[in-house]
Amino acid sequence: KTSRTEIGRLDAILKQFLQAMRPTKPERQTVDLHQLLEESLIALSPELETRNIRVELDLVEKLPDLDLDPSQIKQALYNIIRNAYQAVDQANGEISIKSAATDYEVKLSISDNGSGISPEVMGAMFEPFKTTKSEGTGLGMLIVRRILREHGGELEVESEEDIGTTVTLY
């Protein structure tokens, strides 16, 4: 039984690694980023509710429709939100999500009031297999960055230990 479990775990890590390393061409559609965010939050709602984490939304009325691969963008949002809820204290955990748009870019920021990221860990954030989690593979943020770059976007991570982290997608 243990070996079967370990084989399953290694298989999952290998699939994630291949997904992180092998660029897949986005299958683009015209989509509403707020809708993808909502679908991601619905998928994660059981974990968020179990952990008693409040999600505050500060979204602009209407974002322009974007030419994106919905499943890839949802994967990126899922990875970031999952990191956020794993970093927060269950007693007062909060994730806030803001959107904004200008004439030339759309911005989505996901902030948490969690443990924050040390400068050492921040420096290794996009290195494969570097993780601070016992169950982590160290591929989540690498996948997020690859997805964003394949869409012509970028991400920025700001963090302060014991204060929290903000990941902004452009």
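Given the structure is predicted, the values throughout are model-derived calculations rather than measurements. (Residues numbered from 1 in each chain as written. Predicted model: local features only at pLDDT ≥ 70, side-chain atom pairs only at ≥ 80, totals over all residues. Heavy atoms only, no water.)

### Brief notes about helix H5 (residues 140-150)
Inference 1: Every buried residue belonging to H5 is among Met 141, Leu 142, Ile 143, Val 144, Arg 146, Ile 147 and Leu 148, and all of these are buried.
Inference 2: Phi turns positive one or two residues past the end of H5, at Gly 152, with a value near 80°. (Buried < 20%, exposed > 50% of the residue type's maximum accessible area, 1.4 Å probe, protein only. Helix = DSSP H or I, 4+ residues; strand = E, 2+ residues; numbered from the N terminus.)

### Observations regarding helix H3 (residues 70-87)
Because an α-helix packs 3.6 residues into every turn, residues spaced three or four apart end up facing the same way.
Inference 1: Helix length check: H3, at 18 residues, gives a terminal C-alpha distance of 26 Å against a target of 26 Å (1.5 Å per residue), a fit within 8%.
Inference 2: Along H3, the positions that sit buried rather than exposed are Pro 70, Gln 72, Ile 73, Ala 76, Leu 77, Asn 79, Ile 80, Ile 81, Ala 84 and Tyr 85. (Expected span 1.5 Å × (residues − 1).)

### Some thoughts on the packing of helix H2 (residues 33-50) against H3
The relative placement of two packed helices comes down to the angle between their axes together with the axis-to-axis distance.
Inference 1: In contact at an axis separation of 9 Å, H2 and H3 are set at 45° when each is read in the N-to-C sense. Viewed along their axes, H2 and H3 adopt a mutual orientation that is oblique. The hand of the H2/H3 crossing is right-handed. Where H2 abuts H3, its residues Leu 33, Leu 36, Leu 37, Glu 39, Ser 40, Leu 41, Leu 44, Glu 47 and Leu 48 lie against Pro 70, Ile 73, Lys 74, Leu 77, Tyr 78, Ile 81, Arg 82 and Tyr 85.
Inference 2: Residues that form the contact of H2 with H3 fall into these classes: 12 nonpolar, 1 polar and 4 charged. (Axes fitted to C-alpha atoms, helices over the stretch in contact; angles between N-to-C directions. Parallel < 35°, antiparallel > 145°, perpendicular 65-115°, else oblique. Left-handed = near helix turned anticlockwise from the far one by under 90°. Contact = heavy atoms within 4.5 Å. Nonpolar A, V, L, I, M, F, W, Y, C, P; charged D, E, K, R; others polar.)

### Concerning the nonpolar core
Inference 1: Core analysis: the largest hydrophobic core is formed by 33 residues, its most contacted members being Leu 77, Ile 81, Ile 95, Ile 97, Leu 155 and Leu 169.
Inference 2: At the level of secondary structure, the elements contributing two or more residues to this core comprise H2, H3, strand S4 (94-101), strand S5 (106-112), H5, strand S6 (155-160) and strand S7 (164-169).
Inference 3: Residue contacts for Ile 97: discarding those within four places in its chain leaves Leu 37, Leu 41, Val 55, Glu 56, Leu 57, Asp 58, Leu 59, Ile 81, Leu 108, Ser 109 and Ile 110. (Core = buried A, V, L, I, M, F, W, Y, C linked by side-chain atoms within 4.5 Å.)

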